[in-house]
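Inside the fold
Chain by chain, the residues run as shown.
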Amino acid sequence: METATHTQSARINPKIIVPFVDSVRRVFATMVGVQTTVQRPHLKALAAPTYDVSSIIGFSGDIVGSVIVSFQKEAAERLASAFAGMSITADMPDFPDAIGELANMIAGGAKKHLGTLASITVPSVVIGSGHVIARLSDVPCIVIPCQTPVGAFAVEISIKQIKPARSNQGGAQ
Amino acid sequence: MRVLLVDDSCTMRNIQKRILNALGNMQFAEAGDGVEALKILFSTPEAFDLVLIDWNMPNMDGHSLVQRIREKDKTTPLIMCTTEAEKARVIDAIKAGVNNYVIKPFTPEMLIERVTTTLSKLKAAA
Ligand SMILES: [Mg+2]
């Protein structure tokens with residue numbers, strides 16, 4: 001048990017966590033008008049499901065992998081509505097659009113502070129309770145649980161740096 | 001004022017519209033990617049007073065779009081509005097020919113300020 005705990009904490013790298021926590025808080029405070037409470041990050045089991053609505057952003061360049069922002073359905077609807085400034089339900093075309101753009105801003109905002117230059121893909125959105133999203137098997141998945149007054153979501157980070165940090169990218173110098 | 005909004009998120013374009021409407025008498029055109037934006041820009045006889053351009057979009061990204069616009073058009077004011085925030089990205093965008101840069105997430109005040117200072121700087125220089 002002790003070894004497992006040790007391994008878990010060793011693989012949860014604050015240099016990855018902190019940029020995402022800051023970015024989540026900034027995106028929701030600035031563009032949704034919602035304060036986010038972040039709980040203790042943990043490692044995710046390989047095939048554990050996410051929440052009901054997930055937006056996936058791929059990373060390429062000096063960093064590879066993916067980041068998933070996954071919401072409880074009701075939280076997703078209410079956060080998307082607050083972001084868009086109009087009522088949005090899960091059956092509307094604006095719903096995946098709003099959820100995708102929130103994930104884009106979270107991933108993009110964190111990316112600057114990862115200390116290297118990576119590119120992100122446009123978001124894909126998956127809707128359906130209990131879905132499982134496959135990811136790179138050699139990269140641990142760190143889950144950052146987040147609470148808002150309108151429900152829960154989680155940021156699942158499964159990325160690895162494949163090139164050493166650059167010194168001139170602005171974010172992490 | 002005639003503004004072209006280029007962003008693959010229609011939610012983002014709606015937010016930008018709502019904020020920029022505060023400037024009064026606005027006319028908007030919209031594109032979801034660079035290819036659509038080029039079509040609108042080069043088929044519309046009347047020039048736009050401003051183009052707001054996202055970076056991460058399908059088909060043609062905002063950086064390529066700025067390069068393509070500047071091959072033919074050196075004057076239309078272009079503002080990048082993106083989550084891409086690295087110094088290297090901002091430098092690339094300026095090299096490609098943007099007049100200003102807004103980083104997402106932004107407040108309404110930030111967007112208005114960036115748009116008005118860009119337009120008044122260009123007016124003063126003209
Ligand atoms: Mg985009």
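Residues numbered from 1 in each chain as written. Chains lettered and ligands numbered in written order. Predicted model: local features only at pLDDT ≥ 70, side-chain atom pairs only at ≥ 80, totals over all residues. Heavy atoms only, no water.

Helix and strand content of chain A: four helices and eight strands. Walking chain A from its N terminus toward its C terminus, one meets helices and strands in the order α-α-β-β-β-β-α-α-β-β-β-β. A total of 173 residues make up chain A; the buried ones form 51% of that total. A separation threshold of at least 6 residues defines the contact pool for chain A, and within that pool the share at least 24 residues apart is 71%. For chain A, the computed accessible surface area is about 7700 Å², with 55% contributed by carbon and sulfur atoms. (Helix = DSSP H or I, 4+ residues; strand = E, 2+ residues; numbered from the N terminus. Buried < 20%, exposed > 50% of the residue type's maximum accessible area, 1.4 Å probe, protein only. Contact = heavy atoms within 4.5 Å. Areas by Shrake-Rupley, 256 points an atom, 1.4 Å probe, with all protein chains shown as cover.)

Turning to the sheet that holds strand β3 (residues 50-53) of chain B, a few remarks are in order. Each strand in a sheet pairs with another by means of backbone hydrogen bonds, the pair being arranged parallel or else antiparallel. Residue and element names in this part refer to chain B. Ordered by their spatial adjacency, five strands build an open sheet running β2-β1-β3-β4-β5, and the pairing between neighbours is parallel. Two strands lie at the open edges of the sheet, namely β2 (27-31) and β5 (100-103), each paired on one side alone. Direction aside, neighbouring strands of the sheet carry axes that sit 20° apart on average. Where strand β1 (residues 2-6) meets β2, five bridges bridge the pair, whose relative direction is parallel. Its bridge partner lying in β2, R2 is registered against Q27. Each of β3, β4 (78-82) and β5 touches helix α5 (residues 108-125); the most contacted strand, β5, lies at about 180° to it. (Pairing = 2+ DSSP bridges. Axes fitted to C-alpha atoms, helices over the stretch in contact; angles between N-to-C directions.)

With that settled, consider the coordination of the magnesium ion. All names here are of chain B. Looking at the magnesium ion, one finds its protein donor set to be D8 (OD), D54 (OD) and N56 (O), positioned 2.1 to 2.3 Å from the metal centre. Read from N- to C-terminus, the donor residues coordinating the magnesium ion fall into the pattern D-x45-D-x1-N. With a gap of 48 residues between them, D8 in the loop between β1 and α1 (10-20) and N56 in the loop between β3 and α3 (62-72) connect regions that are remote in the sequence. In this structure D8 comes out as partly exposed when scored by relative accessible area, which is 22%. Exposure remark for N56: the relative accessible area of 11% places this residue in the buried category. (Donors = N, O, S within 2.8 Å, 3.2 Å for Na, K, Ca; no water.)

With that out of the way, let us pick up the interface of chain B and chain A. Taken residue by residue, the interface counts 22 residues in chain B and 26 residues in chain A. For the pairing of chain B and chain A, the buried interface totals around 2000 Å² over both sides, and the portion due to carbon and sulfur atoms is 55%. The interface formed by chain B and chain A includes three salt bridges. With its nearest N and O atoms 2.8 Å apart, the salt bridge here joins B:K104 to A:E101. Where chain B packs against chain A, one counts 10 residue pairs in polar contact (both at pLDDT 80 or more). No other element matches α1(B), which puts five residues into the side of chain B that touches chain A. Residue composition of the side of chain B that touches chain A, by class: nine nonpolar, five polar and eight charged. (Buried area = accessible area lost by both parts, 1.4 Å probe. Salt bridge = Lys/Arg side-chain N within 4 Å of Asp/Glu carboxyl O. Polar contact = N/O pair within 3.5 Å; in protein donor to acceptor, adjacent residues only side chain to side chain. Nonpolar A, V, L, I, M, F, W, Y, C, P; charged D, E, K, R; others polar.)

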